Amino acid sequence: MLRSRSRAGIVPGVVLASAAALTLTGCGLMTPITTQGPYAASDGVRVEVTDDVWAENLLLLTADAEQPALLIGLVANHSKTDGAEYSLSTADGTELHSGSLDAEAVENLNEEPIEVTGVDTVPGSTTVLSVASGGEVSSVTVPVMDGTLVEYREFLEAAGQDVPEPEERPEPRVWGH
């Protein structure tokens with residue numbers, strides 16, 4: 001009899017623990033995990049124009065609104081077919097750049113940033129650009145950033161833009177020293 005009472009006490013505990021485990025992991029079962037799908041992992045934005053042609057990490061850089069912006073990022077052909085035509089344009093239809101990509105190829109716009117004029121390029125704002133390929137057109141809201149971050153500063157300096165030096169930050173204070 002002692003043995004059956006022990007089992008009788010264990011079964012509800014196992015059921016309770018199982019219910020708690022299902023409750024705590026339920027969100028993971030019903031909610032997609034962000035990193036399992038494609039996403040923009042940087043400051044720029046991405047857009048899938050077609051199943052095969054994607055623009056990724058698109059970002060406009062400028063030292064200030066009075067200077068031209070530079071479009072950086074990349075355009076990728078994820079198909080196994082050569083000749084994926086694409087174009088990048090402003091919202092009003094002014095073509096900024098066009099090209100053709102071989103199968104499974106990438107054009108890295110960071111190597112030769114595209115100069116953009118005639119659009120709102122105040123650092124901290126956004127601007128709508130269009131990406132077209134295969135008869136499809138996708139509009140994307142692209143962030144405008146300045147040279148505050150070191151990784152973007154080099155693009156602006158290479159384009160001859162005056163980029164103010166970042167403000168000096170005090171050394172962090174370590175308590176007890």
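Residues numbered from 1 in each chain as written. Predicted model: local features only at pLDDT ≥ 70, side-chain atom pairs only at ≥ 80, totals over all residues. Heavy atoms only, no water.

Here we take up the pattern of salt bridges. Counted by the stated rule, this structure contains three salt bridges. Of the charged contacts in the structure, one is a salt bridge between Glu48 and Arg46, with a shortest N-O distance of 3.2 Å. Notably, a salt bridge pairs Arg153 with Glu157, separated by 3.4 Å at the nearest N-O pair. Residue Arg153 and its partner Glu157 are located together in helix H2 (residues 150-158), separated by four residues, close to a single helical turn. (Salt bridge = Lys/Arg side-chain N within 4 Å of Asp/Glu carboxyl O. Helix = DSSP H or I, 4+ residues; strand = E, 2+ residues; numbered from the N terminus.)

A few words now on the packing of aromatic side chains. Tallying each qualifying case throughout the model produces zero aromatic pairs. The cationic tip of Arg46 hangs over the ring face of Trp54; the distance from NZ or CZ to the ring centre is 4.5 Å. (Phe/Tyr/Trp six-rings, centres within 6.5 Å; stacked < 30°, edge-to-face > 60°. Lys NZ or Arg CZ within 6 Å of the ring centre and 35° of its normal.)

Residues separated by three or four positions in an α-helix point in the same direction, a consequence of the helix having 3.6 residues per turn. Listing the buried residues of H2 in full gives Tyr152, Arg153, Phe155 and Leu156. The buried residues of H2 occupy one face: seen down the axis, they fall within an arc of 160°. Turned more than 90 degrees off the buried face of H2, the exposed positions are Val150, Glu154 and Ala158. Next to the buried residues of H2 lie strand E2 (53-61), strand E3 (69-77) and strand E9 (136-145). Two residues or fewer past H2, Gly160 is found with a positive phi of approximately 80°. (Buried < 20%, exposed > 50% of the residue type's maximum accessible area, 1.4 Å probe, protein only. Arc of directions from axis to C-beta. Contact = heavy atoms within 4.5 Å.)

Take the environment of Ile114 next. For Ile114, the location among the structural elements is in strand E7 (residues 114-116). A relative accessible area of 7% means that Ile114 is categorised as buried. Sequence-wise, Ile114 and Leu60 are 54 residues apart; in three dimensions their C-alpha atoms are separated by 9.2 Å. Ignoring sequence-local partners within four residues, the contact set of Ile114 consists of Ala69, Leu70, Leu71, Leu88, Leu96, His97 and Leu109.

Now for the side chain of Asn77. Note on placement: Asn77 falls in strand E3. Overall, Asn77 belongs to the buried group, its relative accessible area being 2%. Side-chain polar atoms of Asn77 contact the backbone oxygen of Thr81, separated by 3.0 Å. Not counting residues up to four positions away in its chain, the partners in contact with Asn77 are Asp52, Ala84, Leu101, Asp102, Ala103, Glu104 and Ala105. (Polar contact = N/O pair within 3.5 Å; in protein donor to acceptor, adjacent residues only side chain to side chain.)

Another point: unusual backbone geometry. Phi at Asn57 takes a positive value of approximately 55°, unusual for a residue other than glycine. Looking at the secondary structure, you find Asn57 in strand E2. Notably, Glu104 is not glycine yet its phi reads approximately 50°, a positive angle. Residue Glu104 is classed as exposed on the basis of its relative accessible area, which comes to 52%.

Residue placement: Ser138 occurs in strand E9. C-alpha of Ser138 to C-alpha of Leu88: the two residues are 50 residues apart in sequence and 9.8 Å apart in space. Residues within four places of Ser138 in sequence aside, it is in contact with Val47, Glu48, Val49, Leu129, Ser130 and Val131.

Now for the pairing of strand E5 (residues 95-101). Here strand E4 (residues 84-90) runs beside E5; their pairing, made up of six bridges, is antiparallel. Along E5, the bridge assignment pairs Ser89 with Glu95. Counting the residues that bridge the hairpin from E4 to E5 gives four residues, and of these Gly93 lies at a positive phi of roughly 95°. (Pairing = 2+ DSSP bridges.)

A separate point is the environment of Met145. With respect to the helices, strands and loops of the structure, Met145 is situated in strand E9. The spacing of Met145 and Leu59 is 86 residues in sequence and 7.5 Å in space, taken between C-alpha atoms. With residues up to four places along the chain from it excluded, the contact list for Met145 reads Asp43, Leu59, Leu60, Leu61, Thr62, Pro123 and Tyr152.

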